[in-house]
Amino acid sequence: MDYRRKKKLTYITIGLMFLLSGVEYAVILPTIWRYLQTLGAPPYFLGLALSAFSLSGLLAGPLFGLWSDRTRTTKKIVLLANLFEIVGNVMYFMGYSKWLLLSSRLVAGIGTGAGSSIFGFLTITTAPEDRSTVFAAVMACRQAGLLIGPAFNIFLRLCDFDLGPFVVNKYTAPGLFMCLLWILVQVAVVFMYWDIPPLEKGETRESSVSGVREVEGERGPEEEEEEEEDEAKPLMAPHELLGSYGSVVTPNASVVSNGNLPHASPPPSPPSSESDDSSPFKNFSMSREFLREEVVVLLAAQFITLFNQTALETMVTPLTQKYFNFGELENSIMYCICGVEVIAGFLFVRWLSQRVAERVVLAIGLITCNISCVWCLIFLANPIGDFPWQLAEFIIGVFLQVLGLPFVAVAQISLFSKVTAERTQGFSQGVRRSVGGLATILGPLWAGGLTENMYIMLGVMMALLALLTMMMFFSYDRLVEPAAVEHTDNDDDCG
């Protein structure tokens, strides 16, 4: 099977996994509140159950990312992560007690840790200029799952039969259903997922030469020939000047200068690539990598937006039950409509990111989120008017909240992949997802304990969002890919 077909099937499989993560969320979230009530759980258990899922993902993400960076493989990681999803959903289906239900979300959450490896994989197999488009497409797959999920709930709520010693009803059926779907995806990963060679387009100096060597015969587009003209010369012409060779593969300059140039020039690049691949954390510093202004701003964007999002999501189900008497069907329809809006948002962001910088997209998203939070603080903290007015206020608040999510999500992920080191993307994405995981733990806990004190809950969320907006505008000039710095370093090496 040729390279292009492997890559296409691998990306389709990744899309299926994100689709299923969205389906799982949309199938379980509308029913878990009443499921816990049938098991005699107190109200705060809803926050615990939602946070447990994020806690295990928070801990597993950096570990899976570290594993993928060291081995340069992701298939085994994905297969292992899917096993945790399968086991967790089986436990959810059994549902003997509130503690088993809590444990089921803890186990299933480990499976989400593979997302750091997958985003690292996507980063090293896409060119920087295409990254926003790819990330938007993958994240749109998850939103498509959020759209499809409520449709499954419509027939899952009709289940009412026994399966051996287990009862299959509208609360336990989602666990069984998701277990079967994850088994099907596991089969797809086995047969349709490949650890394709990284950096196929030669976007970095260190491994572009070896990447071109691996795939040029299989890809063969016109742009590959242009890259080959620039990158093949230092390998094929050993009598060129040292400065010219060093300008192509900067880390190898000292190696070449200490060796016999006519005989040693072809082999230096592959050994260097192998060395870099086997020890991606050589000279790596956590403080130097993550305690930079632009990285801190993007991690803050990850935390605050997810904190606010999960807090509002936790609040929505009890709120609709209190004011509108919504049940599982009404909540599922609501999530379905939100899914349509989010998918449309991701498609628009995918188009917009090809025409404007990611920091512009991020700014648009944050402005929208601020408007949404102000609206919720005014109208949802203490709904006014009769039923139609309250429902209209609620719909507008949810619409504005959902509208800003695609802008912030795509922009901050794409920018983060560009301002952090590429060879440690798995670990870096794990750190980013762990920060997000921490937010999805604290958000439900915060909202779950303040459902009767909406002004305090929404006021703190508004303050956090205002802080993030100020941070973003003060650091606006630094939220770009550091290409100019790399070129400067390159020129210094050549000199």
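Refer to the structure presented above.
From a predicted model like this one, the values you see are computed outputs, not experimental measurements.

Procedures and definitions
- Residues numbered from 1 in each chain as written.
- Predicted model: local features only at pLDDT ≥ 70, side-chain atom pairs only at ≥ 80, totals over all residues.
- Heavy atoms only, no water.
- Helix = DSSP H or I, 4+ residues; strand = E, 2+ residues; numbered from the N terminus.
- Buried < 20%, exposed > 50% of the residue type's maximum accessible area, 1.4 Å probe, protein only.
- Polar contact = N/O pair within 3.5 Å; in protein donor to acceptor, adjacent residues only side chain to side chain.
- Axes fitted to C-alpha atoms, helices over the stretch in contact; angles between N-to-C directions.
- Parallel < 35°, antiparallel > 145°, perpendicular 65-115°, else oblique.
- Left-handed = near helix turned anticlockwise from the far one by under 90°.
- Contact = heavy atoms within 4.5 Å.
- Nonpolar A, V, L, I, M, F, W, Y, C, P; charged D, E, K, R; others polar.
- Salt bridge = Lys/Arg side-chain N within 4 Å of Asp/Glu carboxyl O.

S.K.: For this particular structure, what's the right way to read the side chain of Gln412?
M.R.: Relative to the helices and strands, Gln412 is located in helix H18 (residues 387-419). Its relative accessible area of 3% is what places Gln412 among the buried residues. Of the polar contacts made by the side chain of Gln412, one reaches the side chain of Gln302; its length is 2.3 Å.

S.K.: Any chance you could explain the packing of helix H6 (residues 128-156) against H18 here in plain terms?
M.R.: Geometrically, a packed helix pair is captured by the angle between its two axes and the distance between the axes. Running from N to C, H6 and H18 point in directions that differ by 140°, and their axes come no closer than 9 Å. The angle between the axes of H6 and H18 places the two elements in the oblique class. The way H6 lies across H18 gives a crossing that is right-handed. Facing H6, whose interface residues are Pro128, Arg131, Ser132, Phe135, Ala136 and Met139, H18 presents Ala409, Val410, Ile413, Ser414, Ser417 and Lys418. The class makeup of the residues in the contact of H6 with H18 is 7 nonpolar, 3 polar and 2 charged.

S.K.: Honestly, the environment of Pro444 in this entry has me stumped. Any pointers?
M.R.: Topologically, Pro444 is positioned in helix H19 (residues 425-448). Note: C-alpha distance between Pro444 and Leu312 (132 residues apart in sequence) is 8.2 Å. With residues up to four places along the chain from it excluded, the contact list for Pro444 reads Gly47, Leu50, Ser51, Thr310, Thr314 and Ala439.

S.K.: Looking at this structure, how should I read the environment of Gly449?
M.R.: Looking at the element boundaries, Gly449 is found in the loop between H19 and helix H20 (454-474). Note on Gly449: relative accessible area 57%, which makes it exposed.

S.K.: Just checking my understanding: could you explain the pattern of salt bridges for this structure?
M.R.: It is possible for side chains bearing opposite charge to pair when their charged atoms get close. A full pass over the atoms with the stated rule returns 5 salt bridges. Here Glu294 ties to Arg292 by a salt bridge, and the two come within 2.9 Å at their closest N and O atoms. What makes Arg292 partly exposed here is its relative accessible area of 23%. Connected through shared salt-bridge partners, Arg292, Glu293, Glu294 and Arg478 make up one network.

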